[in-house]
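Each chain, letter by letter, is given below.
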Amino acid sequence: LVLEQPLPLTLMPSVAALGAIQRRLVDEFPWAGDVIAIIFGELSGQAALGVRVLGMSPTLLVGLPGSGKSRLARRIADELGVPRLDLPLGGSSDTKVLGGTSRGWASGKPSDLATLMATRRSASAVVLLDELDKAIDYQREGSGLQSYLLALLEPETASRHTDVFLKTTCDYSGVLWLATANRLTPIAAPLLSRMRVLKLDQPEPEHFPTIAENVITETAQRWNLERWAMPDARELDLPWDQITSARQLRVATEQAVASWARALTRH
């Protein structure tokens, strides 16, 4: 019933607000400054021209495991203040999350995207397609998830996308699409042609203290604590000389914070 009435779109932030967001993200992801500059350069250009509604080219972040691409995508969505739908696609070919499930099935329901818009009462959303390169078209040619996404990434067809449960068309033209992948080769060429591909470099050792600080901040949020209640990265017993990747550092920092918390209970 909520979807029967027009829902509001997210307004484009001001140039100043976009600049502030960009600086915060670069502070968190200093190795991704070029990628962040491209994304927010486009948004700032639109804002300067007077574009009123937030919009962004479908974007694919490509990088090796541990480069922080999934977290960067989530942070972009959060900073823009748009409802976010996370779709982990590893090994998936299921289109029901985007097209709904027929009413003939006991598990019939609208698509997750339509449900998000109804619950958040917003016609704008960010869909995070995580591990797009692992979304496999198991079925016959042209019927899997990658093929299904083609129409959703075109504004004209996205504005009249059919939800099989609702038995009507939904306007998804206000949706922002962010995807991540480790490699490009498994992604179908027609889908790639509809996306802006940005390569995310691996963090260097000089970025490791920033990553550790980010992990501690995330842990504080997960535990519903203020950041000041948590230790600084330099207070933790981290094996800096043995760490070779960002992913390894994240695991080591999480373990060190857990050990620090356990030590508090013994005093």
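Values in this document were obtained by computation on a predicted structure and should not be read as measured data.

1. Some thoughts on helix α5 (residues 112–120)
Okay, so step 1: For α5, every residue scored as buried is listed here: Leu113, Ala114, Leu116 and Met117. Projected onto a plane normal to the axis of α5, the buried residues spread over an arc of 160 degrees and lie on a single side.
Okay, so step 2: Close packing links the buried residues of α5 with β2 (84–88), α4 (96–99), β3 (125–130), β4 (161–163) and β6 (175–181).

2. Here's the deal with the pattern of salt bridges
Okay, so step 1: With the rule as written, the count across this model stands at 17 salt bridges.
Okay, so step 2: Between lysine 199 and aspartate 201 there is a salt bridge, with the nearest N and O atoms lying 3.2 Å from each other.
Okay, so step 3: By relative accessible area, lysine 199 is classed as exposed at 61%.
Okay, so step 4: With a closest N to O distance of 2.6 Å, arginine 250 and glutamate 218 form a salt bridge. Of this pair, arginine 250 sits in helix α10 (residues 246–265) while glutamate 218 sits in helix α9 (residues 208–222), placing them 32 residues apart in sequence.
Okay, so step 5: If you follow the salt bridges from partner to partner, you end up with Arg24, Glu28, Arg71, Arg75, Glu79, Glu218 and Arg250 in one network.

3. Concerning the side chain of glutamate 28
Okay, so step 1: Within the secondary structure, glutamate 28 is located in helix α1 (residues 15–28).
Okay, so step 2: For glutamate 28, a relative accessible area of 14% corresponds to the buried category.
Okay, so step 3: A polar contact of 2.6 Å, which involves the side chain of glutamate 28, links it to the side chain of arginine 75.
Okay, so step 4: When neighbours within four sequence positions are excluded, glutamate 28 is seen to be in contact with Arg71, Arg75, Thr210 and Asn214.

4. Focus: the environment of glycine 144
Okay, so step 1: Along the chain, the position of glycine 144 falls in the loop between β3 and α6 (145–152).
Okay, so step 2: The exposure class assigned to glycine 144 is buried, which follows from its relative accessible area of 0%.
Okay, so step 3: Separated by 64 residues in sequence, glycine 144 and leucine 80 place their C-alpha atoms 31 Å apart.

5. Observations concerning the nonpolar core
Okay, so step 1: Among the nonpolar cores identified, the biggest contains 43 residues, and Ile39, Phe40, Leu43, Leu72, Ile76 and Leu80 are the most heavily contacted of them.
Okay, so step 2: Of all the secondary-structure elements, those providing two or more residues to this core are α1, α2 (33–49), α3 (69–80), β3, β6, α9 and α10.
Okay, so step 3: Here this core takes six residues from α2, the largest share from any one element.
Okay, so step 4: Those residues in contact with leucine 72 that lie beyond four places of it in its chain are Phe29, Ala32, Val35, Ile36, Leu61 and Leu200.
Okay, so step 5: Core analysis: the second largest hydrophobic core is formed by 30 residues, Val62, Leu113, Leu132 and Leu145 among them.

6. As for the pairing of β6
Okay, so step 1: In terms of burial, β6 is largely enclosed, as seven of its seven residues are buried.
Okay, so step 2: Of the two faces of β6, the one carrying Val175, Trp177, Ala179 and Ala181 and the one carrying Leu176, Leu178 and Thr180 are both buried.
Okay, so step 3: Two strands pair when backbone bridges link them, and β3 and β6 are joined in this way by five bridges, in the parallel orientation. Within the sheet, the bridge partner assigned to leucine 128 lies in β6 and is leucine 178.

7. What to know about the environment of threonine 157
Okay, so step 1: Within the secondary structure layout, threonine 157 lies in helix α7 (residues 155–158).
Okay, so step 2: Relative accessible area serves as the criterion here: at 27%, threonine 157 is assigned to the partly exposed category.
Okay, so step 3: In the structure, threonine 157 is positioned 16 residues away from serine 173 in sequence and 8.2 Å away in space, judged by C-alpha atoms.
Okay, so step 4: Within the structure, threonine 157 has its side chain in polar contact with the backbone oxygen of alanine 151 (distance 2.5 Å).

8. A look at the sheet that holds β3
Okay, so step 1: Strand order in this open sheet of five strands is β2-β3-β6-β1-β7, and the pairing throughout is parallel. The sheet is open, and its two edges are formed by β2 and β7 (196–199), each paired on a single side. For this sheet, the mean angle separating the axes of adjacent strands, direction not counted, is 20 degrees.
Okay, so step 2: Both strand β1 (residues 59–62) and β7 contribute to a ladder of four bridges, which runs parallel. Each residue of the ladder has a partner; that of threonine 59, found in β7, is arginine 196.
Okay, so step 3: Along the sheet, α2 contacts β1 and β7; its crossing angle with β7, the most-contacted strand, is approximately 150 degrees.
Okay, so step 4: The strands that α5 touches are β2, β3 and β6; relative to β2, the one it contacts most, it runs at about 160 degrees.

Cut-offs and rules
Residues numbered from 1 in each chain as written. Predicted model: local features only at pLDDT ≥ 70, side-chain atom pairs only at ≥ 80, totals over all residues. Heavy atoms only, no water. Buried < 20%, exposed > 50% of the residue type's maximum accessible area, 1.4 Å probe, protein only. Helix = DSSP H or I, 4+ residues; strand = E, 2+ residues; numbered from the N terminus. Arc of directions from axis to C-beta. Contact = heavy atoms within 4.5 Å. Salt bridge = Lys/Arg side-chain N within 4 Å of Asp/Glu carboxyl O. Polar contact = N/O pair within 3.5 Å; in protein donor to acceptor, adjacent residues only side chain to side chain. Core = buried A, V, L, I, M, F, W, Y, C linked by side-chain atoms within 4.5 Å. Pairing = 2+ DSSP bridges. Axes fitted to C-alpha atoms, helices over the stretch in contact; angles between N-to-C directions.

Any functional reading would require information that these geometric values do not contain.
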